[in-house]
Amino acid sequence: MRALLPNWAEWRPAVRAPGADLLSGLIVALVALPLALGFGISSGMGAAAGLATAVVAGAVAAVFGGSRFQVSGPTGAMTVVLVPIFHRFGGSGVLAVGLLAGLVLVVLAIAGVGRAVRYMPAPVIEGFTAGIAVVIALQQFPAALGIAHADGEKVWQSGFDAVRQYFSHPNPASLVTALVVAAVVLIGGRYLPKLPFALLAVAVATIVTRAAGLDLSLIGTIPSGLPAPSIGFVHLDQLGSLIAPALAVAALAALESLLSATAADAMAVGTRHNPDRELLGQGLANIAAPLFGGVPATGAIARTAVNVRSGARTRLAALAHAAVLAGIIYLAASLVAQIPVAALAGVLLATTVRMVETASLAAIARASRGDALIMVVTFTVTVALDLVTAVAVGVGIALLLAVRSVAKEARLQQVPLDDADHVAEEHALLHEHIVAYRLDGPLFFAAAHRFLLELAEVSDVRVVILRMSHMSALDTTGALVLKDAIGKLEHRNITVLISGLRADHRRRLAAVGALPGGGETPIFDHTPDAIALAREYASRPVGAAR
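The paragraphs below set out a description of the structure included in this document. It should be emphasised that the depicted structure is a prediction, and the values quoted were computed from it without experimental measurement.

1. Things to note about the packing of aromatic side chains
Part 1 of the reasoning: Applying the stated criterion to the full structure yields one aromatic pair.
Part 2 of the reasoning: With centroids separated by 5.8 Å and ring planes inclined at 75 degrees, the aromatic side chains of Tyr166 and Phe167 adopt a geometry described as edge-to-face.
Part 3 of the reasoning: Of the residues examined, Phe167 reaches a relative accessible area of 63% and is grouped as exposed.

Given below as structure tokens:
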């Protein structure tokens, strides 16, 4: 537990020279403001919830998280998961899910499972990232098109319904506002990446639309300050139905935060995050944020990247970002309320374009048909159903393909009985009705059936030698199949000898009764010793006692 808790040494550099971190925190806050507002609205909880999340979760994760560069808050990926939760359980359900997810993350941190993210297949990550980008873009269709309400249980359904309504009653002002803001953010960010073009574009759009008197939907009233902490979320009888959504939120928060922290390590020099502590920080952040009306949060890779590139050195930068946003809530809430929703939709549309790494997608598509299949399926399920299902399906397919690939490595082949390729000696042994097979690779459930079929084809021999020094793995299924194969051979009066059997594999074979001769036949360390006994057996008359 001590390794998961903050320590004074990591804050000492910030106290000595805080300037670079404070400046970086200010820059990140200017970038985070429109994103927090937009993601709060997209989740269904409202702009104030997005700001509360960025402030509370951002501050808690900065202190307790495992990365000194990580910036946490509401994200697009989390919004995708929260929308159906909000529609089903309402705002109180979202708050309860966030708190439960935080508790799950704390348990995962204490259990030490933070390193598991390194085993996530790259095609799954790229597939759901691209899928999230499409889902976030579809979520912006109603706001960008000036549609107050779009029908549809899935986001793609509501997006198409918004398009249908728009063509029935066009509102060019909203669409133009969203497209112009998106274009400014993308173009400006490409040539001057350090400037907060998202905030500048939103500010200009607000001024222009107000001056022109355009009838656009605005963010609306935002409380000037954080609400008092409250834990009265849902009735106890509702908690059971919230467990599954909470686990989904916790899984996404863990995955996205750890991936973001890993990306920060790659961008910085001489730094490495603590994955278990990162889970603890995100867990505490998600416990704290709902108390103030915030939505579940994760590490935000875009804001974290801005933090690193702006010269951040310590955790003070992420903490300063939260403090600046808190100042905006308390001092400029009335100004924020005047921002057109369409302008925020433009910012998020630009964000979706930046999320998709076309080079990575193309590289994975070229790598193999299996990787391309995993990526496409994950992408499709993310857009059509939901993110958690997509990750489960993608990982499932990846596991099946991996098992299939490993199973192909298992081979049963007839080989010469010594290190040299003495074909004459091998033929002489065959003439004595002795044959040797070498087992290469793992003998497990996926390869066992093929092994049984191959070994069952042995004919016109009296002794079979199984060379098992090259067998890399053996599971219970493989041991049982080997038992069946040896039994069938012995039933045909064929003696089976084994050489080079590892101690752990021998214990497993003995446990299921798979050793030849009921365990009475000797197991040889070296193949020449097995050959000597095989020749002795082969020289005896058929049916003679052994």
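2. Description of the packing of helix α2 (residues 19-43) against helix α13 (residues 316-331)
Part 1 of the reasoning: At a closest axis distance of 7 Å, the pairing of α2 and α13 adopts a crossing angle of 50 degrees. One way to sum up the angle between α2 and α13 is to call them oblique. Where α2 crosses over α13, the handedness of that crossing is right-handed. Every residue of α13 that contacts α2 at Asp21, Leu22, Ser24, Gly25, Leu26, Val28, Ala29, Ala32 and Leu33 is listed here: Leu316, Ala317, Ala320, His321, Val324, Leu325 and Ile328.
Part 2 of the reasoning: Partitioning the contact of α2 with α13 into residue classes produces 12 nonpolar, three polar and one charged.

3. Observations regarding helix α15 (residues 341-355)
For the α-helix, the turn length of 3.6 residues means that residues three or four positions removed from each other point alike.
Part 1 of the reasoning: Relative to the 21 Å expected for 15 residues at 1.5 Å per residue, α15 spans 21 Å between its end C-alpha atoms, a close match to the ideal helical length.
Part 2 of the reasoning: Where burial is concerned, most of α15 is hidden: 12 out of the 15 residues are buried.
Part 3 of the reasoning: Of all the positions in α15, only Val341, Ala342, Ala343, Leu344, Ala345, Gly346, Val347, Leu348, Leu349, Ala350, Thr351 and Thr352 are classed as buried.
Part 4 of the reasoning: Residues of α15 that are buried in the fold lie against α2, α5 (122-139), α6 (141-145), α8 (172-191) and α9 (197-212).

4. A word on the environment of Leu316
Part 1 of the reasoning: On the secondary structure map, Leu316 appears in helix α13.
Part 2 of the reasoning: Classification of Leu316 as buried rests on a relative accessible area of 16%.
Part 3 of the reasoning: In sequence terms Leu316 and Ala14 are 302 residues apart; their C-alpha atoms lie 6.3 Å from each other.
Part 4 of the reasoning: The residues contacting Leu316, other than those within four sequence positions of it, are Trp11, Ala14, Pro18, Asp21 and Leu22.

5. Quick look at the pattern of salt bridges
Part 1 of the reasoning: The tally for this structure, following the rule as stated, stands at six salt bridges.
Part 2 of the reasoning: Between Glu10 and Arg315 there is a salt bridge, with the nearest N and O atoms lying 3.4 Å from each other. Of this pair, Glu10 sits in the segment before α1 (12-16) while Arg315 sits in the loop between α12 (301-309) and α13, and the two are 305 residues apart along the sequence.
Part 3 of the reasoning: Owing to a relative accessible area of 18%, Glu10 belongs among the buried residues under this scheme.
Part 4 of the reasoning: What makes Arg315 buried here is its relative accessible area of 5%.
Part 5 of the reasoning: We note a salt bridge from Asp504 to Arg502, for which the minimum N-O separation is 2.8 Å.
Part 6 of the reasoning: By relative accessible area, Asp504 is classed as partly exposed at 34%.

Rules behind the numbers
Residues numbered from 1 in each chain as written. Predicted model: local features only at pLDDT ≥ 70, side-chain atom pairs only at ≥ 80, totals over all residues. Heavy atoms only, no water. Phe/Tyr/Trp six-rings, centres within 6.5 Å; stacked < 30°, edge-to-face > 60°. Buried < 20%, exposed > 50% of the residue type's maximum accessible area, 1.4 Å probe, protein only. Axes fitted to C-alpha atoms, helices over the stretch in contact; angles between N-to-C directions. Helix = DSSP H or I, 4+ residues; strand = E, 2+ residues; numbered from the N terminus. Parallel < 35°, antiparallel > 145°, perpendicular 65-115°, else oblique. Left-handed = near helix turned anticlockwise from the far one by under 90°. Contact = heavy atoms within 4.5 Å. Nonpolar A, V, L, I, M, F, W, Y, C, P; charged D, E, K, R; others polar. Expected span 1.5 Å × (residues − 1). Salt bridge = Lys/Arg side-chain N within 4 Å of Asp/Glu carboxyl O.

In short, shape yes, function no, at least from these values alone.
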